[in-house]
Protein chains: 4
Amino acid sequence: MIDEIKKAADETSGEIIRLRRDFHKYPELGFTEFRTASLIARELRSAGCEIKIGREIMDPGSMIGLPPADALQREFDRALAQGADTEFLGPMRGGFTAVAAVIKNGDGPVTAFRVDTDALPIQERSNESHPPAAKGFASVNSGIMHACGHDAHTAAGLGAAKILMRLRDKIRGTVKIIFQPAEELICGAWPVVKSGFLDDVSRIFTIHFYSLWESGLLSCTREKGHFAISKFDAKFTGAQAHAGSRPEAGRDALTAAANAVLNLNAIPRHSDGATRVNVGRLTAGPGRNIICDEAVMELETRGETTALNDYMVDHAMRILKASADMRGCGLEITPMGFAPGGSGDPDFSSEIIDYAARTRVLNSSWRQRNCGSEDFHHMLDHVRKRGGKGAALSVGAGPGGKPHSPDFDINEEVLKDTAAFVSALIIERLNMVSA
Amino acid sequence: MIDEIKKAADETSGEIIRLRRDFHKYPELGFTEFRTASLIARELRSAGCEIKIGREIMDPGSMIGLPPADALQREFDRALAQGADTEFLGPMRGGFTAVAAVIKNGDGPVTAFRVDTDALPIQERSNESHPPAAKGFASVNSGIMHACGHDAHTAAGLGAAKILMRLRDKIRGTVKIIFQPAEELICGAWPVVKSGFLDDVSRIFTIHFYSLWESGLLSCTREKGHFAISKFDAKFTGAQAHAGSRPEAGRDALTAAANAVLNLNAIPRHSDGATRVNVGRLTAGPGRNIICDEAVMELETRGETTALNDYMVDHAMRILKASADMRGCGLEITPMGFAPGGSGDPDFSSEIIDYAARTRVLNSSWRQRNCGSEDFHHMLDHVRKRGGKGAALSVGAGPGGKPHSPDFDINEEVLKDTAAFVSALIIERLNMVSA
Amino acid sequence: MIDEIKKAADETSGEIIRLRRDFHKYPELGFTEFRTASLIARELRSAGCEIKIGREIMDPGSMIGLPPADALQREFDRALAQGADTEFLGPMRGGFTAVAAVIKNGDGPVTAFRVDTDALPIQERSNESHPPAAKGFASVNSGIMHACGHDAHTAAGLGAAKILMRLRDKIRGTVKIIFQPAEELICGAWPVVKSGFLDDVSRIFTIHFYSLWESGLLSCTREKGHFAISKFDAKFTGAQAHAGSRPEAGRDALTAAANAVLNLNAIPRHSDGATRVNVGRLTAGPGRNIICDEAVMELETRGETTALNDYMVDHAMRILKASADMRGCGLEITPMGFAPGGSGDPDFSSEIIDYAARTRVLNSSWRQRNCGSEDFHHMLDHVRKRGGKGAALSVGAGPGGKPHSPDFDINEEVLKDTAAFVSALIIERLNMVSA
Amino acid sequence: MIDEIKKAADETSGEIIRLRRDFHKYPELGFTEFRTASLIARELRSAGCEIKIGREIMDPGSMIGLPPADALQREFDRALAQGADTEFLGPMRGGFTAVAAVIKNGDGPVTAFRVDTDALPIQERSNESHPPAAKGFASVNSGIMHACGHDAHTAAGLGAAKILMRLRDKIRGTVKIIFQPAEELICGAWPVVKSGFLDDVSRIFTIHFYSLWESGLLSCTREKGHFAISKFDAKFTGAQAHAGSRPEAGRDALTAAANAVLNLNAIPRHSDGATRVNVGRLTAGPGRNIICDEAVMELETRGETTALNDYMVDHAMRILKASADMRGCGLEITPMGFAPGGSGDPDFSSEIIDYAARTRVLNSSWRQRNCGSEDFHHMLDHVRKRGGKGAALSVGAGPGGKPHSPDFDINEEVLKDTAAFVSALIIERLNMVSA
């Protein structure tokens, strides 16, 4: 069986790489993956998959972190200009850019494989030493770049879909391949969860390529995995006054915000584990001689566990409120994304690692924690609550530049192997036809 | 008439100086002037005055800033040991240490003259260069000193009472001489006002000796007078926890207080005039390795006008509350004294200055504002609201050490002249028998 | 004489109003008054005045607050496109936009009259209820507006120049009319002072129109005049780090700035008089999940006197430095303008008020202080140090909208009267030919 | 062999308990263990040990955290009055209260066993439900209590010395039993290390009784052990001024301290592990109406490793300095104790645990980290640097009240077993006579 899968992977390899380069050249930010998602849908349709788009798998009431309406429209128009497939675009309007393939063969367990599709607000390196530039597929969208490999995740996901469709009769039950938007915003997984699309899933997993590891190395986090994270915007609203003639008439939103910055950093440490807080941006005030009437900050909290992050959020909310009160200001808090913390289920992760060791499609290993965050954990927590299990896989794809840097790149060789491994894991293990 | 008054003053001069030295030797803090007040009462009784004591002229519901019960008892016992007159002590128990003389001769206007009687928590200089030490009447009460001249005010008030009793038939109407406690606490005037004792008063004035001015110089403030003031104690209550093993379990009252200190100092300035705020004392925490569960601060606000002080108090209350909320702490605020701001009525003050210029008992002048505070303004505001007028007189009594210093002293020559001037002002002007 | 002057003013009135409207339509910000200044020079030249431009009366080493080079070039180009007179533009390149007329008639005292020429970054109201819009001379430069009357000051200054040139033989000595740039930045007067152009001046005065006072009311400040002011930009420089994975590697410029904001507001009040401080704008941070490496604030201090402002500046510098040190950050402070405080000389101001009362060209009055600031005081202080005197005149020009608002306007009737009054004051008093 | 040791332990058991109760009744704080240390010396001498006292094993230049001279004298006098042995007291004057036994039998390895001797500033419970009170050996020194079991450590150490002296010929090499003062201050180990007394030691260990664990349970920390800790007092010095009349003349030490409190709590978290900081006490200011001229704070930092604590100390020092600069204040920092972090060497700890499992004198187990601190790690680090190894043993001694509480007590049964185990470990393993 494994050889048949490898052969299918070899045959789709050129196509997968072509797709990855196309996505790379036209990167799109969270909830504006209009072009990307429409082409995913086209590929899945042409492979014969049943597809789900937009509201079918995203709950409209659970969407946060959406760009403003004018930005959504502008990016929609760009997608059209850059070759989006109009057959699938309609239902994506307004940011509903999730797509999924459903591959079914009779009754049996339901497995979900999730990849993410969005890019980052980074300007890609343009000189010849950067392979995408040298080969002509560097980003043409100014200030936007696939600097975390989601183009490759998407391509690998499509590769797996194509292989699985070829071998559909070897599958028992259902496979759902989810192309999730807005992972970088930590906002895309939640509406998928709330849509109910995962309610029947008993096993779920995702992959992430790492440019700094040796190519082909497969790992699962153990014990300590991703940090839980919450993101907020906070707007303090005061009252303007001339700083020379009527200082008493002002309510100084900047001083309110300054109190918040100091006190957020001073949230007590927790003996249960690591916590984080950061106010990464603050914009305040109309001008030098005016008491500031509006200060807007972007902040985030993290915790080694969801409980630790909840602790940070509780303190942060109280501090923001008290800081506004301190200077008689109003306060508006906008949630901008959240994700639980955690790692895959140890036994399920072990099963995958062991399977990798046996098949040798990828090389297995274990690693410890990652202070980064992943909104896949919304999906995993949901599946777990219903009795299922899951794992977060990392696949080495180096050598390449650092993640989230203008130099980021991956070794395209791993695309094919990853598609093969995912397919084999499903066919030979998760959705195995009983012998 | 003026010559007759001067003669009476000359004859009582020795007695006034003896009394001043006696009060100086046995100084008592606010609301514990038991010995002082009992001897005032004895002197007034022996001069033949009608007297009022304690609750007769102090409203029990309006007393704030009282010492703790054990301190009241301890000071009461000391007064007994130091020769208080037991005939008058009973009604003073618990801090009711105001005394007043009422001198009446038929119908006519009611004039009030107020002096203050309390001392300061200062250790008096004991070397021979300090006149009270050289002459043997330096304080015998450790850590307490008449360092602001209230002993002399009291003696001058008694001198005036004796002179006026001698010349009672030259008076038309009523003179009330009020010996007020707890002026340094800014707490003694308010209960006298609320007792109703001033309700029929149409003219009120007070005197204050200044050791740094030339002896005999009389002045009234003009335009800008005393600052309004409010005093508070604020207690922040958190929760202890071991700082190493359970930092998350604490609620840090010290950090709450630190926020308050910074933000109180940062109350916006006011374009209507001068404001002040100070946290003068803070005591917090059980020990180095414990999250602090209690922080107690002593603070005050001031304003050039009562409205400006109200502005500061409003901000301070909001900031204290928000600072407690900031760290999840409780807050208890205890008012510790307040006084309105202001100065005497310009026309009434002018009248006094002009009268002084004419009689030459004291030398008249004008002066501008004083950033200090005076709870006499409670009395003055009350009289004004009922259509009356008042003035705050200052009398030079130098050369002497600085007020509120261990070297403070006054020139005793001014006692007699002040008693004479006050008496003359009443007899020849305020309660003049129409010609 | 006064009638002859009034006649001359009447005859130039239409021209003055035309000029004011032209300046109003093409407003220019501080140091970019290229079009305005070139037209001033053309008018002065055509009136026959000797003129001084740019570096002749501005010391290059004393210029602060200049816009960036690209903005200077952009505004220069716009001035050209909007009809600047190229005959005079050359020496103004780089922000040297001061112009002066020198009117001389033999030996005698040197008098200086200063007006200012720059506009404000405010978007003018465009509806018909706003007279400049209704009459077609509202600003065509987006986001820039003459909202403080400097267009009218300039026109009145040109009017006075024209009248004085007509009557030059009635003048004894020299009159310098200075058209100063960048008053709103508090940056234009200082380079004029440092150029030496005022070294021989014995009397100096300026005018300011007030839209909220009755038209024609002339006043001089008395006792308390303008506040001294200092403006700074402060840049805190830290180090970026990922807030989740390496918080210890960051140096948080935003937290440094937050400390500064709180502590600047908490500079102790001063018993000598009013002080002010404001951080009116803060921009910090690259993004939510990055420790902030750069925070830029715009601040200002003020004081009722120059000494009080110096006190505030001393504290502010120390606080900014300590705040940077607190979080291991670097600090760069850029002075953005300063002006001494004060008011005109009382006797010289009295002389002007009395002269106004006599001539009745304007209606005289007195007024108290103004919490605003004026860099004219650089000029006045300089003249005073050399034995001269000066005054700051205000002229009612209402009814009109509030200064520094999109509705601001003035009654153009006062232009002619002001030009006449200034001319008469010079001819009949300051540079009078002895009878 | 083990049976012989157990028998010796049984025979000394009564004496050990008597000694523990005596130490418990007369508790002494760090560096004032005069009575305790003199009786330790007497016991060791009577057992025949070579003894070392004071400066022989404490480097005078390395002592910090000493009580003031008058307190040292007062406690010395109390020790005399409470039965200290004058034969040994002389060299202890000034706080040199370390004592050691040296037990030598020919050449061989040098092993050190360390116990601590000081008490805590806690008032012991006096009611009958508290065993020491019921049995008549509760503390007679008001406000001082052995609430962490050091009385028992000392008694167990003496028990081991007595047993080892009985069986001296079974020992090869040297055993040093160190009775260290001032462990609660984290100040007593450092001067012993610096004296050179441990330079020849190749194995070192200590014990600590835990009242909340089952009696007889022996454990060693593994991986994560004690936190490193540093303790400081910081004094901010400003300038007094009257808050109403001259606020500008003050330099506010309380506001400086408030800045420090906020910023210390806001030291960035570290991705390498747990850190702590606490300002546990602050005392500031002479009174409400005076700008505060002195604020004294007690603070501590901790880190999961010595490097993490160093990171906290670096930040703390910079923040304290910047906070003083912020308000123009002076700063004096006094180190009050420090200890490295860590745990025993894993292999040496394993050896001990395994030995315990074999002998069954105590019941062995493993446990994870402890957020508390221990200055034993100075000794362990020193021995390690010279090639040696060590371990920190904990012995269950419950049921008893919580450590550092007025109810703390231990089960005295463990004293004998601990003395036996320590002796056996030395005789049968660490200083075993080769078979």
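All of the points below concern the structure found in this document. (Residues numbered from 1 in each chain as written. Chains lettered and ligands numbered in written order. Predicted model: local features only at pLDDT ≥ 70, side-chain atom pairs only at ≥ 80, totals over all residues. Heavy atoms only, no water.)

Contacts between the two partners involve 39 residues from chain B, matched on the other side by 39 residues from chain D. With both sides pooled, the region where chain B packs onto chain D buries about 3000 Å², and carbon together with sulfur makes up 52% of that total. Three residues, Leu254, Leu262 and Arg288 of chain B, lead the burial of chain B against chain D; their summed loss comes to 24% of the area buried on that side. Across the chain B-chain D interface, the total number found is two salt bridges. The salt bridge partner of Arg288 of chain B is Asp233 of chain D, with a shortest N-O separation of 3.0 Å. If you list the elements that add at least two residues to the side of chain B that touches chain D, you get β7 (228–237), α8 (253–265), β8 (275–284) and β9 (294–303) of chain B. The biggest single contributor to the side of chain B that touches chain D is β8 of chain B, with eight residues. A per-class count over the side of chain B that touches chain D returns 18 nonpolar, twelve polar and nine charged. Taken together, the three bridges between β8 of chain B and strand β8 (residues 275–284) of chain D define a ladder with antiparallel strand orientation. (Contact = heavy atoms within 4.5 Å. Buried area = accessible area lost by both parts, 1.4 Å probe. Salt bridge = Lys/Arg side-chain N within 4 Å of Asp/Glu carboxyl O. Helix = DSSP H or I, 4+ residues; strand = E, 2+ residues; numbered from the N terminus. Nonpolar A, V, L, I, M, F, W, Y, C, P; charged D, E, K, R; others polar. Pairing = 2+ DSSP bridges.)

All names here are of chain A. Extensive coverage of strand β3 (residues 110–116) is indicated by the burial of seven of its seven residues. Of the two faces of β3, both are covered, the one formed by Val110, Ala112, Arg114 and Asp116 as well as the one formed by Thr111, Phe113 and Val115. Pairing of β3 with strand β4 (residues 173–180) involves seven bridges; the strand directions are parallel. Within β4, the position partnered with Ala112 by the bridge is Lys176. With four bridges joining them, β3 and strand β5 (residues 203–210) adopt parallel strand pairing. Bridging from a neighbouring strand, Arg114 pairs with Thr206 of β5. (Buried < 20%, exposed > 50% of the residue type's maximum accessible area, 1.4 Å probe, protein only.)

Before going further, it helps to spend a moment on the relation of the copies chain B and chain D. Rotating chain B by 180 degrees and moving it 0.0 Å along the rotation axis overlays it on chain D with an RMSD of 0.1 Å. Here the copies are linked by what is in effect a two-fold axis. An overlap of 100% is found between the interface residues of chain B and their copies at the interface of chain D, pointing to a shared contact surface. (Least-squares fit on C-alpha atoms with pLDDT ≥ 70 in both.)

Right, let's get into the sheet that holds strand β7 (residues 228–237) of chain D. Read from one edge of the open sheet, eight strands run β10(B)-β7(B)-β9(B)-β8(B)-β8(D)-β9(D)-β7(D)-β10(D), paired in antiparallel fashion. Where the open sheet ends on each side, the last strands, each with one partner, are β10 (330–339) of chain B together with β10 (330–339) of chain D. Averaged over neighbouring strand pairs, the angle between their axes works out to 25 degrees when direction is ignored. Bridge count for β8 of chain D against strand β9 (residues 294–303) of chain D is nine bridges, and the pairing is antiparallel. (Axes fitted to C-alpha atoms, helices over the stretch in contact; angles between N-to-C directions.)

Time to look at the side chain of Asn278 of chain D. For Asn278 of chain D, the position within the fold is in strand β8. At 2.8 Å, the side chain of Asn278 of chain D and the backbone oxygen of Ile290 of chain B are in polar contact. Filtering out sequence-adjacent residues up to four positions away, Asn278 of chain D remains in contact with Ala243, Gly287, Arg288, Asn289, Ile290 and Ile291 of chain B together with Glu298, Leu299 and Glu300 of chain D. (Polar contact = N/O pair within 3.5 Å; in protein donor to acceptor, adjacent residues only side chain to side chain.)

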